[in-house]
Amino acid sequence: MRLSRYFMPTLRDAPSDAQIVSHRLMLRAGLVRQVAAGIYAWLPLGLRVLKKIEQIVREEMDRAGAVEILMPTLQLADLWRESGRYDDYGEEMLRIKDRHERDLLYGPTAEEVVTDIFRSYVRSYKDLPKNLYNIQWKFRDERRPRFGVMRGREFLMKDAYSFDIDEAAARRSYNRMFLAYLNTYARLGLQAIPVRADTGPIGGDLSHEFIILAETGESQVFAHRDLVEMGAPGPDLDWDGDLQALVEQRTRLYAASDEMHDQARFEAEAPEDKRMTARGIEVGHIFYFGDKYSKPMKAVVAGPDGAERPVQMGSYGVGVSRLVGAIIEASHDDGGIVWPDAVAPFGVGIVNLRPGDAAVDAACEQAYAALTAAGKEPLLDDRDERPGAKFAAMDLVGLPWQLIVGPKGLADGVVEIKRRATGERRSLPLDAALKAVGA
């Protein structure tokens with residue numbers, strides 16, 4: 001993409017009401033524009049990041065055996081009345097009437113819709129297990145939307161729902177999602193910690209939040225250092241095998257957010273040199289809730305004995321749009337965003353320091369063609385702007401690599417490359433520079 005033809009409206013200063021780093025940088029870098037309180041238009045740069053995160057989430061769900069569907073944003077109120085949630089949900093639900101006076105709502109989540117889909121087609125335990133997931137926009141009418149996409153009213157979410165014959169099978173589905181989530185965050189360049197979450201009135205021990213470490217995080221996290229350093233299990237898992245040992249390896253070590261923290265237990269279970277306290281941001285939540293929806297909505301299957309029984313369900317959420325903000329909170333510096341390679345909107349920024357100079361233009365075109373052919377998604381800054389403005393823009397939008405081409409360097413037979421994450425700079429011949437950045 002050539003920046004002279006692209007739409008990337010950067011700002012020198014962020015609006016005064018942008019309270020956190022990610023909100024300020026998303027506005028300044030031209031990723032989003034606020035159209036109403038808690039509602040954002042995604043501009044080209046932000047949309048590219050959003051789509052890359054979405055695709056990684058999709059690939060890891062598919063790998064773990066989940067099947068993608070697409071559910072509507074508008075839902076029938078009658079389904080929520082069946083589950084008993086319509087009147088209980090509160091003012092965060094945006095309720096709507098259509099021209100026929102039917103009650104609708106803009107879905108804040110989709111348990112009722114997916115349960116209705118399941119019960120319409122599945123009748124026997126032989127068709128289980130099933131895990132259906134959906135990447136769709138949701139809406140919750142927050143009283144005080146704030147922190148940009150971290151706490152907006154409209155948000156893109158991946159929500160998956162598992163259906164099993166009994167609790168033992170439901171635990172196996174839960175384990176698959178637990179490990180798939182760790183792989184997902186690792187691919188996004190994030191360090192994620194699973195912490196036990198409150199299961200509320202349902203009880204049990206099958207609920208975890210996934211928190212990524214960030215100095216500006218909203219939550220305090222207390223964890224055993226070995227868990228933090230353990231990392232993701234990797235993609236080469238037997239997803240149909242017994243994953244319990246891998247899950248237990250990660251859940252037996254202490255980890256809690258401030259809401260669930262028990263200092264005495266922390267000190268008893270983690271040696272002093274292994275206790276770690278940090279800030280973090282919640283980016284996912286998985287939950288087993290049994291027959292909470294299947295029983296009132298009569299989502300039943302015939303078991304091996306022929307008797308009907310409600311299926312056991314779980315839900316698994318990832319805030320896709322929230323992750324854009326969370327990644328920025330975890331990865332930025334004074335110059336701007338520092339994107340992990342996997343989700344960067346472009347792989348390499350080519351900075352033409354003197355547009356119109358034949359040699360410089362030719363070198364930039366050569367680099368642009370080579371990087372495009374290599375799939376590195378280059379962004380060529382061919383604008384007639386001061387070099388300082390170009391450098392500032394490249395740092396602000398945070399592309400992993402910068403390839404800087406100017407007449408002085410070319411006269412010496414070199415161009416400059418800069419690694420955004422470390423600030424390391426090297427002067428190399430063009431062919432060597434292209435090889436260094438992956439072309």
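Residues numbered from 1 in each chain as written. Predicted model: local features only at pLDDT ≥ 70, side-chain atom pairs only at ≥ 80, totals over all residues. Heavy atoms only, no water.

## A few points about the packing of aromatic side chains
Reasoning step 1: Going through the model one piece at a time under the given rule, you end up with 13 aromatic pairs.
Reasoning step 2: Ring centres of tryptophan 80 and tyrosine 89 lie 5.5 Å apart, and the angle between their planes is 85 degrees; on these two criteria the pair is classed as edge-to-face.
Reasoning step 3: Their ring planes at 35 degrees and their centres at 4.9 Å tell us that tyrosine 254 and phenylalanine 266 sit as a pair that is tilted. Residue tyrosine 254 is located in the loop between helix 7 (244-251) and strand 12 (255-257), and its partner phenylalanine 266 is located in helix 8 (residues 263-269); the two are separated by 12 residues in the primary sequence.
Reasoning step 4: Residue tyrosine 254 is classed as buried on the basis of its relative accessible area, which comes to 2%.
Reasoning step 5: Counting every residue linked through ring pairs, the aromatic cluster contains Phe178, Tyr181, Tyr185 and Phe210.
Reasoning step 6: A cation over a ring is seen here: arginine 81 above tyrosine 86, with NZ or CZ 4.6 Å from the ring centre. (Phe/Tyr/Trp six-rings, centres within 6.5 Å; stacked < 30°, edge-to-face > 60°. Helix = DSSP H or I, 4+ residues; strand = E, 2+ residues; numbered from the N terminus. Buried < 20%, exposed > 50% of the residue type's maximum accessible area, 1.4 Å probe, protein only. Lys NZ or Arg CZ within 6 Å of the ring centre and 35° of its normal.)

## Overview of the sheet that holds strand 21 (residues 401-405)
Reasoning step 1: A sheet is described by the order of its strands in space; here five strands give the open sequence 20-19-21-22-23, paired in mixed fashion. Strands with a single pairing partner mark the edges of an open sheet, and in this sheet they are strand 20 (378-381) and strand 23 (425-428). Taken pair by pair, the neighbouring strands of this sheet meet at an average axis angle of 20 degrees, ignoring direction.
Reasoning step 2: One ladder, built from four bridges, connects strand 22 (residues 415-419) with strand 23; its direction is antiparallel. If you follow valine 415 over to strand 23, its bridge partner there is leucine 428.
Reasoning step 3: Sitting on the sheet, helix 10 (residues 358-373) touches strand 19 (348-352), strand 20 and strand 21, and the angle it makes with strand 19 is about 170 degrees. (Pairing = 2+ DSSP bridges. Axes fitted to C-alpha atoms, helices over the stretch in contact; angles between N-to-C directions. Contact = heavy atoms within 4.5 Å.)

## A look at the environment of leucine 213
Reasoning step 1: Among the secondary structure elements, leucine 213 is positioned in strand 10 (residues 207-213).
Reasoning step 2: Taking the C-alpha atoms as reference, leucine 213 lies 9.3 Å from alanine 326; in sequence the two are 113 residues apart.
Reasoning step 3: Leave out the neighbours within four places in its chain, and leucine 213 touches Gln191, Ile193, Val228, Met276, Ala278, Arg279, Gly280 and Ala330.

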